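Structure assessment
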Amino acid sequence: MRLPVNTAFSPGRAISHGAEAVKRQPVGLLIGAFLMAMTNGGGGGGGSNFDPSSLDGTGMGGEGAAILGMVALGVACIGCCMGVVFWLFRSWLQPGYYRMHRTLFTTGTVEVSELFQGGDLFKRMALWKLLKALINCGIVVVAALPGGIVMLAGMLMETEILMLVGTVVMLVIMIPALVYVALGLVLGDHFVALQELEPRPALEASWELAKGNRISLLLYFFITGFFAILGLLACCVGIFFTQAIADAGTTEAFLLATRDDWEEFKLTQDMGG
């Protein structure tokens, strides 16, 4: 019998069992965590010493503005291209990464090569990630609309109070909406990778699993996410260890919540269930 979600997603178990998983297969899990982290999107800052005023009318004038515009366009294009590359690469890698977790927990051992054997689910994972992105974009637009209207009215009327109220309303509505939806989608990747579901069934399964369990999932991902970030304290390199532990623990939690045969899992039982 599968475990209840609030029991399966135990942060303490996930961290301790995830650490044991990394101990048994450090090479594969660390390579997977490294590649997943490096292709997670969200470009870096950089350029903090650049001063746009050097290209205004007192500097290079119109020519400078044109150059600045071209540079900005080039950076945007590069960012978009890199985003597409990362999306496609993660869609190919992630199924193998999660399958490696599953094999390790169920049998107690796994070969590194399994990390790179998720290509058969590339299309499904890519479409799922696209669907998830579209849903999140839609939530942002809908949730930001009321506050955006108030803020726009404040801008047109040049009223700072209305602009402030609009911003507050936007954040008050948008943040809870995004968190609520994100918790409903958070396990979709696992349903695609481990149960080989198409995007729509994966969405339905993830949403159903989160129903009535969002508080438990929020607490779980907050604690494991904080644990993963602690790796930054070890000269940043440690984050690959803590991320690998958190990722493996989350896959085990998913398996405990969705499979009836979890009592037969080798690594899980070696750790005392």
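Residues numbered from 1 in each chain as written. Predicted model: local features only at pLDDT ≥ 70, side-chain atom pairs only at ≥ 80, totals over all residues. Heavy atoms only, no water.

For the protein, the count of helices and strands is 11 helices and 0 strands. Walking the protein from its N terminus toward its C terminus, one meets helices and strands in the order α-α-α-α-α-α-α-α-α-α-α. With 273 residues in all, the protein has 37% of them scored as buried. Across the protein, every contact between residues at least 6 apart in sequence was considered, and the portion connecting residues at least 24 apart equals 73%. When the accessible surface of the protein is summed, it comes to about 14,600 Å², and 71% of that surface belongs to carbon and sulfur atoms. (Helix = DSSP H or I, 4+ residues; strand = E, 2+ residues; numbered from the N terminus. Buried < 20%, exposed > 50% of the residue type's maximum accessible area, 1.4 Å probe, protein only. Contact = heavy atoms within 4.5 Å. Areas by Shrake-Rupley, 256 points an atom, 1.4 Å probe, with all protein chains shown as cover.)

Before going further, it helps to spend a moment on the layout of surface pockets. For the largest pocket, the calculated volume is near 1,300 Å³. Lining the largest pocket are 41 residues, with M36, N40, R90, K129 and K132 sitting closest to its centre. Breaking the lining of the largest pocket down by element, the ones donating at least two residues are α3 (26–38), α4 (61–107), α5 (122–156), α6 (160–185), α7 (188–195), α9 (214–229) and α10 (238–258). Top element by residues in the lining of the largest pocket is α4. It accounts for 11 residues. Across the lining of the largest pocket, the residue classes tally to 21 nonpolar, 15 polar and 5 charged. (1 Å grid on protein atoms, 1.4 Å probe; cavity = no way out; pocket = protein on both sides within 12 Å on 5 of 7 lines; lining within 4 Å. Points joined across faces, edges and corners; volume = space filled by probe spheres on them. Nonpolar A, V, L, I, M, F, W, Y, C, P; charged D, E, K, R; others polar.)

Here we take up a nonpolar patch on the surface. On the surface, V84, W87, L88, L127, L130 and L134 cluster together into a nonpolar patch covering about 490 Å² of accessible area. Counting residues per element, the ones that place at least two in the nonpolar patch are α4 and α5. Turning to its location among the elements, L134 is positioned in helix α5. The exposure class of L134 is exposed, given its relative accessible area of 56%. (Patch = residues over 30% accessible without salt bridge, like charges linked within 9 Å, V, L, I, M, F, W, Y side chains within 5 Å. Salt bridge = Lys/Arg side-chain N within 4 Å of Asp/Glu carboxyl O.)

Describing an aromatic ring pair means giving the distance of the ring centres and the angle of the ring planes. Taken as a whole, this structure holds 9 aromatic pairs when the rule is applied. With 5.0 Å between their ring centres and 85° between their planes, Y220 and F221 make a pair best called edge-to-face. Residue classification places Y220 among the buried positions, given a relative accessible area of 0%. By relative accessible area, which is 25% here, F221 ends up partly exposed. Every member of this aromatic cluster is reached through a ring pair, and the members are F9, Y220 and F221. Above the face of the Y180 ring, R214 is positioned so that its terminal group lies 3.8 Å from the ring centre. Between the NZ or CZ atom of R214 and the centre of the ring of W207, over which it lies, the distance is 4.5 Å. (Phe/Tyr/Trp six-rings, centres within 6.5 Å; stacked < 30°, edge-to-face > 60°. Lys NZ or Arg CZ within 6 Å of the ring centre and 35° of its normal.)

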